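Summary of the model geometry
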Amino acid sequence: NECPDVPMDACTVSMGGRVLFRNGQFQLDPEAEDELFSYLRDAEIPPQPTGPNDSWPFPAHERNVDIDIDLGAGSEAGRVLGADLTHEYVDINADYRS
């Protein structure tokens, strides 16, 4: 156990409201995996427009992937924000000028 002060059987991890880990065990089965796949697919940013009549909706998206981690070790809370800085994302946004 890498964190001896945090018992794994007290931790809960959820994604999109679906519990992935509880009581020291993963809670995955084919149904859960299908739900998670759909949840992540719905959060995916659509491909860059390619046709002359295609356009990005504005704002481009307000999609999130919510991951909740409860360590079961107190009442403190924190928030972590992330961003897509993949090569494709940087390429797309490199064309914007202000």
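Conventions used here
Residues numbered from 1 in each chain as written. Predicted model: local features only at pLDDT ≥ 70, side-chain atom pairs only at ≥ 80, totals over all residues. Heavy atoms only, no water. Helix = DSSP H or I, 4+ residues; strand = E, 2+ residues; numbered from the N terminus. Buried < 20%, exposed > 50% of the residue type's maximum accessible area, 1.4 Å probe, protein only. Contact = heavy atoms within 4.5 Å. Patch = residues over 30% accessible without salt bridge, like charges linked within 9 Å, V, L, I, M, F, W, Y side chains within 5 Å. Areas by Shrake-Rupley, 256 points an atom, 1.4 Å probe, with all protein chains shown as cover. Salt bridge = Lys/Arg side-chain N within 4 Å of Asp/Glu carboxyl O. Expected span 1.5 Å × (residues − 1). Arc of directions from axis to C-beta. Polar contact = N/O pair within 3.5 Å; in protein donor to acceptor, adjacent residues only side chain to side chain.

This part is about the environment of valine 13. In this structure, valine 13 sits in strand β1 (residues 12-15). When its relative accessible area of 22% is taken as the criterion, valine 13 is described as partly exposed. The sequence separation of valine 13 and leucine 71 amounts to 58 residues, and the corresponding C-alpha distance is 8.5 Å. Those residues in contact with valine 13 that lie beyond four places of it in its chain are Arg18, Val19, Leu20, Phe21, Ile67, Asp68 and Ile69.

Attention shifts here to a nonpolar patch on the surface. A contiguous nonpolar surface patch, about 450 Å² in accessible area, is contributed by Leu40, Val65, Ile67, Ile69 and Leu71. Relative to the helices and strands, leucine 71 resides in the loop between β4 (67-70) and α2 (87-94). The class for leucine 71 is partly exposed, based on a relative accessible area of 43%.

The first and last C-alpha atoms of helix α1 (residues 30-43) sit 20 Å apart over 14 residues, in line with the 20 Å expected at 1.5 Å per residue. For α1, the full list of buried residues reads Ala32, Leu36 and Ala43. When α1 is viewed along its axis, its buried side chains cluster within an angular range of 35 degrees and face the same direction. The outward face of α1, more than 90 degrees from its buried face, is lined by the exposed residues Pro30, Glu31, Asp34, Phe37 and Asp42. Where the residues of α1 are buried, they touch β1 and β2 (18-22). Its side-chain oxygen at 3.0 Å from the backbone nitrogen of glutamate 31, aspartate 29 defines the N-terminal cap of α1.

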